[in-house]
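Inside the fold
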Amino acid sequence: MSKIEKTNAARLLDRAKISYRLVPYTVDENNLAADHVAEELGEDINRVFKTLVLHGTPAGYFVCVVPGNAEVDLKKAAKISGNKKADLIPMKELLPLTGYIRGGCTAIGMKKQFPTFFHSTVNDFPTIFVSAGQRGLQLELAPADLVGYVKGTVADLIKENDAQ
């Protein structure tokens, strides 16, 4: 097997002395959904978290990290982030804003550190999976390490019918 190239996110975790594991998977350009990633990893979809970038009014951009099979509740996200309303950003804004592309977005090492919120189930697992900053590579790490590193807040962020 070829050596896995470290991503910027992995190098930042190294610098912070945070333990993690890089886990490669096969990318399907036609299916960038988290359930595909979980299937490729052979992991529970509830442990594979996706990183979404939202824009809130009036506070601006913020990040939500939620289980791969869940949908962000925009009302809850707005309230938790101190906004009146919130919406997912248009896909074309993702790369210029964060430095990451769809399917490879992670809360670690964005161009600017945005307020970051994790769904409360993040603490249900000893380790979780998040993008390593590129398609085809996940980071497995302890949720407390990730939340602490990005100075995140843990809260209820998903629509009720998504809860397991």
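Use the structure listed above.
The text that follows walks through the structure, step by step, so that each part is easy to find. The shown structure was predicted, so the numbers you read here are calculated from the model rather than taken from an experiment.

1. Re the overall build of the protein
- Helices and strands together make up the secondary structure of the protein, namely five helices and eight strands.
- Secondary structure elements of the protein occur, N-terminal to C-terminal, as α-β-α-β-β-α-β-α-β-β-β-α-β.
- Along the first, second and third principal axes, the C-alpha atoms of the protein reach 50 × 35 × 30 Å.
- Within the protein, the proportion of its 164 residues that are buried is 49%.
- Expressed as a percentage of contacts within the protein between residues at least 6 apart in sequence, the contacts between residues at least 24 apart total 61%.
- With the model as given, the accessible surface of the protein reaches about 8,400 Å², and the carbon-plus-sulfur share is 52%.
- Of the charged side chains in the protein, 20 are positive and 19 negative, and the gap between their average positions amounts to 10 Å.

2. Thoughts on the pattern of salt bridges
- For the structure on display, the rule yields nine salt bridges.
- Its salt-bridge partner being Asp 14, residue Lys 6 comes within 2.6 Å of it at the nearest N-O pair.
- Arg 21 is the partner of Glu 140 in a salt bridge, and the nearest nitrogen-oxygen pair spans 2.6 Å. In this pair, Glu 140 is assigned in strand E7 (residues 137-141) and Arg 21 in strand E1 (residues 20-24), connecting sequence segments 119 residues apart.
- Taking the relative accessible area as the measure of exposure, Glu 140 reaches 13% and is therefore buried.

3. Some words on the sheet that holds strand E8 (residues 153-155)
- Sheet architecture is open: five strands sit in the order E4-E2-E3-E5-E8, paired in mixed fashion. Two strands close off the open sheet at either side, each with one partner strand: strand E4 (85-88) and E8. Taking each pair of neighbouring strands and ignoring which way they run, the sheet shows an average axis angle of 35°.

4. Description of the side chain of His 119
- When you line up the elements, His 119 lands in strand E5 (residues 116-119).
- Assessed through its relative accessible area of 5%, His 119 is described here as buried.
- Here the side chain of His 119 touches Leu 157 through a polar contact of 3.0 Å, landing on its backbone nitrogen.

5. A few points about helix H1 (residues 8-15)
- Along H1, the residues that are buried comprise Ala 9, Ala 10, Leu 12 and Leu 13. Looking down the long axis of H1, one finds its buried residues gathered within 160° of arc, a one-sided arrangement.
- Looking at the buried positions of H1, the neighbouring elements they touch are E1, strand E6 (128-134), E7 and helix H5 (143-149).
- Phi turns positive, to about 60°, at Lys 17, one or two residues after H1.

Conventions adopted
Residues numbered from 1 in each chain as written. Predicted model: local features only at pLDDT ≥ 70, side-chain atom pairs only at ≥ 80, totals over all residues. Heavy atoms only, no water. Helix = DSSP H or I, 4+ residues; strand = E, 2+ residues; numbered from the N terminus. Buried < 20%, exposed > 50% of the residue type's maximum accessible area, 1.4 Å probe, protein only. Contact = heavy atoms within 4.5 Å. Areas by Shrake-Rupley, 256 points an atom, 1.4 Å probe, with all protein chains shown as cover. Lys, Arg positive; Asp, Glu negative; His and termini not counted. Charge placed at Lys NZ, Arg CZ, Asp CG, Glu CD. Salt bridge = Lys/Arg side-chain N within 4 Å of Asp/Glu carboxyl O. Pairing = 2+ DSSP bridges. Axes fitted to C-alpha atoms, helices over the stretch in contact; angles between N-to-C directions. Polar contact = N/O pair within 3.5 Å; in protein donor to acceptor, adjacent residues only side chain to side chain. Arc of directions from axis to C-beta.

Scope: geometric values only; no functional claims are made or implied.
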